[in-house]
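Coordinates in review
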Protein chains: 2
Amino acid sequence: MAKVSDIEILNGLMSVFRSKGYDGASLNELAEATGLKKASLYHRFPGGKKEMTAAVLDFMESWINDKVYKVLSDEKLVPTQRLKEALDNINAVYNEGREVCLYRSLSMDTGMALFGEKIEKGINQWLESFSILGKAVGQDAETAMQMAKQSFIEVQGSLVLSKAMDSTEPFQNAIQQIKNRYKT
Amino acid sequence: MAKVSDIEILNGLMSVFRSKGYDGASLNELAEATGLKKASLYHRFPGGKKEMTAAVLDFMESWINDKVYKVLSDEKLVPTQRLKEALDNINAVYNEGREVCLYRSLSMDTGMALFGEKIEKGINQWLESFSILGKAVGQDAETAMQMAKQSFIEVQGSLVLSKAMDSTEPFQNAIQQIKNRYKT
DNA sequence: ATTATTTTACCGAACGTTCGGTAATTTTAA
DNA sequence: TTAAAATTACCGAACGTTCGGTAAAATAAT
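Residues numbered from 1 in each chain as written. Chains lettered and ligands numbered in written order. Predicted model: local features only at pLDDT ≥ 70, side-chain atom pairs only at ≥ 80, totals over all residues. Heavy atoms only, no water.

Chain A is annotated in an unreviewed UniProt entry as Transcriptional regulator, TetR family of Flagellimonas pacifica.

So this is what it looks like as structure tokens:
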């Protein structure tokens, strides 16, 4: 029986990689954040820091799949309701704009060289999700993708601004703006 | 006479800090990028890595002042022309969207803790510049600031997307969108 | 059911490497 | 010839990683 569950570990790792990036995340810090000792982390992740990062990226991808993709393509719900739920999830994962995006933190040179493909895949999943929503509100494929990209840009950009200004306002505005964009 | 000029050094440091962030930028790499040996860098920057970073941030701030602020508030030019020039400068400094923003790279936890104030100041200068332009095209102060923030968000967000997709298209679109926003 | 064996989970201590930083020395230039 | 600039050589500390070993749980054999 594991002393610390997989999910607890992943959440701990996620938190450190998000706030420190790949280079800035030290094994001591990662260990402390998970509640395991450094050597025990290596037992769980024999591939070391790289494997930990890959696991966190996979975790993030499954989060997008569950909390964004599935929600935005749920045909049992009306588009407006889908969007509300997805944005609630997004708002929660970014802690109202106080927390930074994992993909941003890992897209420095070192992280990109090691995990560029996973990062691109996750972002494409994100864009694809919003693209489906766009088409559900009657847009053609090209316009829907354009809207998805614009929404992604506003989330990312507003997170940068919110972080720098130490205020959740830019992010909250961005969320509202995305909501308006898909109004039918 | 210095073997390597201040500007050459600053450009070298800037390049590394931008692509690697504070934690990821090693002294060896910084030295190599400047053309000096590690110890010689310490001769120029006795305060070490922190002083180098501060110098780069000051350099960036003076760049914004020259290439954005002064341009956007130059009353000898019509607003549309001011914007074109400023966006040309911005386009150049980001290498059409291939290079990342220094403020983004340094706004991980470590960088924020050390240089949060300088980062915030630089961004505020940026916002102030575009705010002046907004007022020049007839917007009230509040709307002008809102437009400035939106433009900043689109630059930052599109840079994130361009980096991840390895394409300059998102950034170029964003530049165009900003241009449209200030059309009179 | 109980013992013996293997596997799993974890930890403390240490590994070699690289880090940021310093001292002493040589080179350059005035 | 003297001061500034750059270099070589080096330092202690922190890095990511590995190792030897312990305690507990799961599995196999009796």
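Having put the structure on the table, let's press on.
Here we take up the UniProt feature "DNA-binding region" (unreviewed entry) in chain A. Taken from the UniProt record, the annotation "DNA-binding region" (unreviewed entry) applies to residues 26-45 of chain A. End-to-end, the C-alpha atoms of residues 26-45 of chain A are 15 Å apart, and along that stretch the chain is 75% helix and 0% strand. (UniProt positions renumbered as here; feature names shortened; annotations may be inferred. Helix = DSSP H or I, 4+ residues; strand = E, 2+ residues; numbered from the N terminus.)

Here we take up the UniProt feature "domain: HTH tetR-type" (unreviewed entry) in chain A. Residues given the UniProt feature "domain: HTH tetR-type" (unreviewed entry) here are residues 3-63 of chain A. Structurally, residues 3-63 of chain A is divided into 82% helix and 0% strand, and its ends, taken at the C-alpha atoms, are 24 Å apart.

If you check the backbone angles, Asn95(A) has positive phi at about 50° while not being a glycine. Looking at the element boundaries, Asn95(A) is found in the loop between α5 (79-93) and α6 (102-105). Phi at Glu96(B) is positive, roughly 65°, even though this residue is not glycine. With respect to the helices and strands, Glu96(B) occurs in the loop between α5 (79-93) and α6 (102-105). Look at Glu96(B) and you get partly exposed, because its relative accessible area is 31%. (Buried < 20%, exposed > 50% of the residue type's maximum accessible area, 1.4 Å probe, protein only.)

The partner chain A presents 36 residues to the 36 residues of chain B that form the contact. For the pair chain B and chain A, the summed buried area comes to about 3,000 Å², and 65% of that belongs to carbon and sulfur atoms. The largest share of the area that chain B buries against chain A comes from Met108(B), Ile153(B) and Leu161(B), three residues that together contribute 18% of it. Taken together, the connections running from chain B to chain A amount to 4 salt bridges. Where Asp109(A) meets Lys163(B), a salt bridge forms, and the shortest distance between an N and an O atom there is 3.5 Å. Between the two partners, chain B and chain A, sit 8 residue pairs in polar contact (both at pLDDT 80 or more). Listing elements by their share of the side of chain B that touches chain A, those giving two or more residues are α1 (6-24), α6, α7 (109-136), α8 (141-165) and α9 (169-181) of chain B. With 14 residues, α8(B) is the single largest residue contributor to the side of chain B that touches chain A. Residue classes in the side of chain B that touches chain A are distributed as 12 nonpolar, 14 polar and 10 charged. (Contact = heavy atoms within 4.5 Å. Buried area = accessible area lost by both parts, 1.4 Å probe. Salt bridge = Lys/Arg side-chain N within 4 Å of Asp/Glu carboxyl O. Polar contact = N/O pair within 3.5 Å; in protein donor to acceptor, adjacent residues only side chain to side chain. Nonpolar A, V, L, I, M, F, W, Y, C, P; charged D, E, K, R; others polar.)

It is worth spelling out the environment of Glu51(B) at this point. All names here are of chain B. Tracing the chain through its elements places Glu51 in helix α4 (residues 48-72). Between the alpha carbons of Glu51 and Thr34 there is a distance of 15 Å; along the sequence they are 17 residues apart. When residues no more than four places from it in sequence are discounted, the contact partners of Glu51 are Arg44, Phe45 and Pro46.

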